[in-house]
Amino acid sequence: KRRIFNHCRYIQKKLFENLLVIDDEETIMSKRYKDYCNIESLEIPLTTTEFEDNVLSSFSKIRFLKCNPSLFKQLKCADSIEVVFIPEGITKIKKDDFSLLKNLRFLDVPKTVNEIEQDSFINCTFLDTIKCLKLHLSFLPKLKIKSLILYNDNEDLSFQLDEHDLDGYTNLERLKVPTNISKVH
């Protein structure tokens, strides 16, 4: 029995050793984080707004990222990022935010985003899966998307998918809609 628990601890350590989550309390990301240069997953809260000594440029292997999109340009590994979760609280995605994320494959857009500038994802060559609200559909690169995960911003209300909501999504292979969908036209 003891070996089983030791093995579980080993697996847990392996799973999380490549993950760095900055605490919400930290407003400054200090140079001590440079020691984590080989991590693959990074989460920076919106409360962290200051960065010492180009600390973000020390990360070279990030593949999974959750942070303010305005920080993407400070990462020297931007072209290796495959998965992005935009944190709740971001209201606008700017065209230049994603310009270096050439290998981005998956994007999660929160309900707080109410504006996405035109051609924001034009350089994201491999972006083919997006999780978003129905209201984001008109801002997305329709021809690139193969998998679309829609969620409802208000679980109390039923979800409707109208006739023209998916116009232009000609390469769509997979569509996941909320369980409380009431109508598909």
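Residues numbered from 1 in each chain as written. Predicted model: local features only at pLDDT ≥ 70, side-chain atom pairs only at ≥ 80, totals over all residues. Heavy atoms only, no water.

Right, let's talk about unusual backbone geometry for a bit. Excluding glycine, a negative phi dihedral is what most residues carry, and trans is how most peptide bonds are arranged. Its identity as a non-glycine residue notwithstanding, Asn54 has a phi of 50°, on the positive side. Considering the arrangement of structural elements, one finds Asn54 in the loop between strand 4 (50-51) and strand 5 (64-66). Using a relative accessible area of 60% as the deciding quantity, one classes Asn54 as exposed. Within the chain, Asp119 stands out as a residue other than glycine whose phi angle is a positive 65°. Within the secondary structure, Asp119 is located in the loop between strand 9 (115-116) and strand 10 (129-132). Using a relative accessible area of 37% as the deciding quantity, one classes Asp119 as partly exposed. (Helix = DSSP H or I, 4+ residues; strand = E, 2+ residues; numbered from the N terminus. Buried < 20%, exposed > 50% of the residue type's maximum accessible area, 1.4 Å probe, protein only.)

Note that Asn103 resides in the loop between strand 7 (92-93) and strand 8 (106-108). Taking the C-alpha atoms as reference points, Asn103 and Asp79, 24 residues apart in sequence, are found 5.7 Å from one another. Asn103 has contacts with Asp79, Ile81, Glu82 and Phe126, leaving out every residue within four places of it along the chain. Of the polar contacts made by the side chain of Asn103, one reaches the backbone oxygen of Asp79; its length is 2.4 Å. (Contact = heavy atoms within 4.5 Å. Polar contact = N/O pair within 3.5 Å; in protein donor to acceptor, adjacent residues only side chain to side chain.)

Once that is clear, we can look at the nonpolar core. With 43 residues, the main nonpolar core has Phe59 and Phe98 as its most contacted residues. Those elements that provide at least two residues to this core are strand 10, strand 11 (147-150) and strand 12 (159-161). Setting aside its immediate chain neighbours within four residues, Phe98 contacts Pro69, Phe72, Val84, Ile86, Ile93, Leu104, Leu107, Ser120, Phe121 and Cys124. (Core = buried A, V, L, I, M, F, W, Y, C linked by side-chain atoms within 4.5 Å.)

With the rule as written, the count across this model stands at 8 salt bridges. Glu26 is the partner of Arg32 in a salt bridge, and the nearest nitrogen-oxygen pair spans 3.3 Å. For Arg63, the salt bridge is made with Glu82, and the minimal N-O distance between the two is 3.5 Å. Of this pair, Arg63 sits in the loop between strand 4 and strand 5 while Glu82 sits in the loop between strand 5 and strand 6 (83-85); the two residues are 19 residues apart in sequence, bridging distant segments of the chain. According to the relative accessible area criterion, Arg63 is partly exposed, its value standing at 29%. It is possible to trace a salt-bridge network through shared partners that takes in Glu40, Arg63 and Glu82. (Salt bridge = Lys/Arg side-chain N within 4 Å of Asp/Glu carboxyl O.)

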